[in-house]
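Given next are the chains, with one letter for each unit.
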Amino acid sequence: MLPLTDTFVRSSFINASRREVKEMTVPDQLGEFGLDDWDRLDYFGWRDPKFARRGYVLLPRLDGEPVGVLLTQAEATPRARALCNWCRDVRLPNDVVFWSAKRVGDAGRRGNTVGTLVCRAFECSHNVRNDPPPAYTGFDVVAARERRIDELRLKTAGFADMLITGR
């Protein structure tokens, strides 16, 4: 397993300025995860303790290479219980907030952003591994859990690719 290092993480960010990357607080448990460790962690996300509304995620792209994305939490919170767009867990034990990310390149420098509703503390990898409630007699819970994991991986990779390609 190739460990995720501070240097690798900081160099992977595609939508952050040099100043933002330099100011970023990298979590202490970073060394516990590696590039080959995506079987139990579909993406790696954390909030910055120095900046109340800033979060970071390492998302594996469709080509497999992870990229870092700086996210900004909206000031307002959803008025009703929101559903996370990534894990789609209907029994969420945690809050969901609106996160926005600058697009890559000229579009991001012009202020273009992409937003999505995601778990406040990025618990999606854990949430999709919980057994979903059986929808009917004979419901295959294991297959449903595996489908949820695959969908989370596709959604997070698609989000990273959308920031880069604009589509």
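For clarity, every value in this text was computed on a predicted model and none was experimentally measured. (Residues numbered from 1 in each chain as written. Predicted model: local features only at pLDDT ≥ 70, side-chain atom pairs only at ≥ 80, totals over all residues. Heavy atoms only, no water.)

### Quick look at the overall build of the chain
Within the chain, the secondary structure is distributed over five helices and five strands. Classification of the 167 residues of the chain by burial places 44% in the buried group. Within the structure as shown, the chain displays about 9,100 Å² of accessible surface, and the carbon and sulfur contribution to it stands at 51%. (Helix = DSSP H or I, 4+ residues; strand = E, 2+ residues; numbered from the N terminus. Buried < 20%, exposed > 50% of the residue type's maximum accessible area, 1.4 Å probe, protein only. Areas by Shrake-Rupley, 256 points an atom, 1.4 Å probe, with all protein chains shown as cover.)

### Some remarks on the pattern of salt bridges
Counted according to the given criterion, the structure contains 11 salt bridges. Residue D42 is joined to R129 by a salt bridge in which the shortest nitrogen-to-oxygen separation is 2.6 Å. Of this pair, D42 sits in the loop between α2 (18–23) and β1 (44–47) while R129 sits in the loop between α4 (124–128) and α5 (141–165), and the two are 87 residues apart along the sequence. Residue D42 is classed as buried on the basis of its relative accessible area of 1%. Judged by relative accessible area, R129 falls into the partly exposed class, the value being 23%. When the shortest N-O distance is used, the salt bridge between R148 and D89 registers 3.5 Å. With R148 in helix α5 and D89 in the loop between β3 (66–73) and β4 (96–102), this residue pair connects regions lying 59 residues apart in the sequence. Both residues of the pair, R148 and D89, belong to the buried class. One connected set of salt bridges, linked through shared partners, spans R19, E23 and R54. (Salt bridge = Lys/Arg side-chain N within 4 Å of Asp/Glu carboxyl O.)

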